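Observations on the model geometry
Below are the chains, spelled out letter by letter.
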Amino acid sequence: QPDAIPGLAAGLSTYVDKTPYLPGAETTHEQLYAAHAVYREAPWEILAEFVTLRRYRETARTYRWSRGGYLQLGHSFGAFTPYTRVEFIDAEKDAYLAQTATPLWARSQRLGMRFDPAPSLALKLEGAADDLRGTRDNRAIILQAAFTF
């Protein structure tokens with residue numbers, strides 16, 4: 001949190017692992033890299049995060065890359081914060097992802113309202129429009145309660 005820009009926080013993280021994809025399968029090396037930035041200076045908030053995952057399969061000697069992230073903009077009116085968010089995921093098809101329901105490529109646009117009745121509690125109502133390449137698009141209304149402790 002730099003003193004020169006009040007309300008700004010940013011960070012980087014990494015995670016390295018070595019796992020088999022499936023029982024009895026070959027060993028896979030995974031490296032996860034992430035960056036985030038948050039600007040909260042009342043009444044505005046801007047949130048952004050980008051993540052990339054690299055998988056290396058020893059036997060096949062192949063690399064697979066997956067990327068994802070989001071950008072969110074909100075403006076507070078007391079305990080209420082209307083916001084908009086754009087999300088994306090771009091994951092190369094591989095043995096692990098082929099078994100999941102996770103789309104391999106998707107873009108989502110969201111419009112929502114967050115209500116903060118207490119410092120550690122947020123209630124959100126969100127509308128989502130998801131563009132899933134290769135499948136039908138999704139539209140959803142999402143109600144969420146989130147808390148910290």
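This text goes with the structure placed above it.
All values reported here derive from a predicted model rather than from experimental measurement.

Brief notes about the overall build of the protein chain
Across its full length, the protein chain holds 0 helices and 8 strands. By residue count, 25% of the 149 residues in the protein chain fall in the buried class. Expressed as a percentage of contacts within the protein chain between residues at least 6 apart in sequence, the contacts between residues at least 24 apart total 38%. Total accessible area on the protein chain is roughly 10,000 Å²; 61% of this is exposed by carbon and sulfur atoms.

Side note on the side chain of glutamate 45
Summarising the element assignment, glutamate 45 is placed in strand β3 (residues 44-57). Among the residues examined, glutamate 45 registers a relative accessible area of 4% and is labelled buried. Polar side-chain contacts of glutamate 45 include one of 3.2 Å to the side chain of arginine 40. Leave out the neighbours within four places in its chain, and glutamate 45 touches Tyr39, Arg40, Gln72, Leu73, Gly74, Thr81 and Arg114.

What about the environment of leucine 32?
As for its placement among the helices and strands, leucine 32 is situated in strand β2 (residues 27-41). Residues leucine 32 and valine 51 lie 19 residues apart in sequence; the distance between their C-alpha atoms is 7.2 Å. The contacts of leucine 32, once residues within four sequence positions are left out, are Ser13, Thr14, Tyr15, Val51, Thr52 and Leu53.

Structural notes on the pattern of salt bridges
What the rule picks out here adds up to 10 salt bridges. For arginine 85, the salt bridge goes to glutamate 87, with nearest N and O atoms at 2.7 Å. With relative accessibility at 22%, the residue glutamate 87 sits in the partly exposed group. Several salt bridges converge on common partners, so that one network encompasses Arg85, Glu87, Arg110, Glu126 and Asp130.

As for the environment of tyrosine 33
Structurally, tyrosine 33 is set in strand β2. According to the relative accessible area criterion, tyrosine 33 is partly exposed, its value standing at 34%. Taking C-alpha positions, tyrosine 33 is 5.9 Å from serine 13, a pair spaced 20 residues apart along the chain. When sequence neighbours within four positions are dropped, the list of residues in contact with tyrosine 33 reads Ser13, Thr14, Phe50, Val51 and Thr52. Looking at tyrosine 33, its side chain comes within polar contact range of the side chain of glutamine 31, at 3.3 Å.

Some points on a nonpolar patch on the surface
On the surface, Trp44, Ile46, Leu71 and Leu73 cluster together into a nonpolar patch covering about 370 Å² of accessible area. For the nonpolar patch, the secondary-structure elements that each account for two or more residues are β3 and β4 (62-75). One can find tryptophan 44 in strand β3. By relative accessible area, tryptophan 44 is classed as partly exposed at 42%.

Some points on the pairing of strand β7 (residues 121-132)
Going residue by residue along β7, you find Ala122, Lys124, Glu126, Ala128, Asp130 and Leu132 tucked away on one face and Leu121, Leu123, Leu125, Gly127, Ala129 and Asp131 left uncovered on the opposite face. Examined bridge by bridge, strand β6 (residues 105-118) and β7 share 11 bridges and lie antiparallel to one another. Opposite leucine 111, over in β7, you have glycine 127 as the bridge partner. In textbook terms, the turn of a hairpin is the stretch between consecutive antiparallel strands, and for β6 and β7 this stretch comprises 2 residues.

Rules of the game
Residues numbered from 1 in each chain as written. Predicted model: local features only at pLDDT ≥ 70, side-chain atom pairs only at ≥ 80, totals over all residues. Heavy atoms only, no water. Helix = DSSP H or I, 4+ residues; strand = E, 2+ residues; numbered from the N terminus. Buried < 20%, exposed > 50% of the residue type's maximum accessible area, 1.4 Å probe, protein only. Contact = heavy atoms within 4.5 Å. Areas by Shrake-Rupley, 256 points an atom, 1.4 Å probe, with all protein chains shown as cover. Polar contact = N/O pair within 3.5 Å; in protein donor to acceptor, adjacent residues only side chain to side chain. Salt bridge = Lys/Arg side-chain N within 4 Å of Asp/Glu carboxyl O. Patch = residues over 30% accessible without salt bridge, like charges linked within 9 Å, V, L, I, M, F, W, Y side chains within 5 Å. Pairing = 2+ DSSP bridges.

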